[in-house]
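Below, each chain spelled out in residue letters.
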Amino acid sequence: MKKEWMALAVASALLPGAALAGTAADMQALADKSGCFSCHGMQSKLVGPGFAEVAAKYKGDSQAAERLAKKIREGGKGAWGRIPMPPHGSLAEDDAKKLAEWVLSAS
Ligand code: HEC
């Protein structure tokens, strides 16, 4: 864990703006660990929308990260269709926020 923090610290020093979101590889690993990829592709729809599609939909929406972080933790439906996303309540608030920002940066 300590080593990961070091790597993250180095990466954030090199890349301003990466501090909150973590590196792409870190975020991919967190999403994988959290089970997001069983329903989401990076590009295309599986059960839920592709993350790049989500990013395109909320482009320029400064409230989106906050809203999506909440939705990731609490679940919800209606934005993309009738299939609901189940809640991920065991996800730390911080991690949900990071995932939301990472999804919004997908392309
Ligand atoms: C069991 C399937 C499933 C899993 C697991 C899942 N999702 Fe979803 N997700 C969905 C569905 C279905 C939707 C569409 C919900 C809707 O229409 O509002 C969705 C929507 C979303 C949205 C867009 C929400 C909106 O309001 O536009 C984001 C962002 C998202 N998911 C992120 C994640 C992340 C991050 C994870 C992992 C922690 C995750 N999802 C895990 C099924 C899933």
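A short tour of the structure in this document, coming up. These numbers come from a predicted model, not from an experiment.

1. Some details on the overall build of the protein
Part 1: Looking only at helices and strands, the protein has six helices and zero strands in total.
Part 2: Moving toward the C terminus, one meets the helices and strands of the protein in the order α-α-α-α-α-α.
Part 3: Every one of the 107 residues in the protein was classed for burial, and the buried ones make up 32%.
Part 4: Considering only contacts within the protein whose residues lie at least 6 apart along the sequence, 42% involve residues at least 24 apart.
Part 5: Just so you have it, the protein exposes about 7,000 Å², and 59% of that area is on carbon and sulfur atoms.

2. Some thoughts on the site of the ligand
Part 1: C36, C39, H40, Y58 and M85 are the nearest of the 26 residues found near the ligand.
Part 2: Between an oxygen atom of the ligand and a main-chain N or O atom of G78, the distance comes to 3.2 Å.
Part 3: Between the ligand and W80 there is a distance of 2.6 Å, counted from an oxygen atom to a backbone nitrogen or oxygen.
Part 4: Considering only residue class, the shell around the ligand consists of 16 nonpolar, eight polar and two charged.

3. A few points about the nonpolar core
A general trend in soluble globular proteins is that nonpolar side chains are found buried together.
Part 1: With 18 residues, the main nonpolar core has F51, L99 and W102 as its most contacted residues.
Part 2: When residues of this core are traced back to their parent elements, those giving at least two are α3 (24-33), α4 (51-57), α5 (64-74) and α6 (93-104).

4. A few points about the coordination of the iron atom of the ligand
Part 1: At this site the iron atom of the ligand is bound by H40 (NE2) and M85 (SD), with donor distances of 1.9 to 2.1 Å.
Part 2: For the iron atom of the ligand, the six donor atoms in the first shell make angles of 87 to 179° at the metal, a pattern classed as octahedral. Of the two residues, H40 sits in the loop between α3 and α4 while M85 sits in the loop between α5 and α6, which places them 45 residues apart along the sequence.
Part 3: Among the residues examined, H40 registers a relative accessible area of 11% and is labelled buried.

The rules behind each value
- Residues numbered from 1 in each chain as written.
- Predicted model: local features only at pLDDT ≥ 70, side-chain atom pairs only at ≥ 80, totals over all residues.
- Heavy atoms only, no water.
- Helix = DSSP H or I, 4+ residues; strand = E, 2+ residues; numbered from the N terminus.
- Buried < 20%, exposed > 50% of the residue type's maximum accessible area, 1.4 Å probe, protein only.
- Contact = heavy atoms within 4.5 Å.
- Areas by Shrake-Rupley, 256 points an atom, 1.4 Å probe, with all protein chains shown as cover.
- Near = heavy atom within 4 Å.
- Polar contact = N/O pair within 3.5 Å; in protein donor to acceptor, adjacent residues only side chain to side chain.
- Nonpolar A, V, L, I, M, F, W, Y, C, P; charged D, E, K, R; others polar.
- Core = buried A, V, L, I, M, F, W, Y, C linked by side-chain atoms within 4.5 Å.
- Donors = N, O, S within 2.8 Å, 3.2 Å for Na, K, Ca; no water.
- Tetrahedral: all angles 85-135°; square planar, octahedral: opposite > 155°, others 65-115°.

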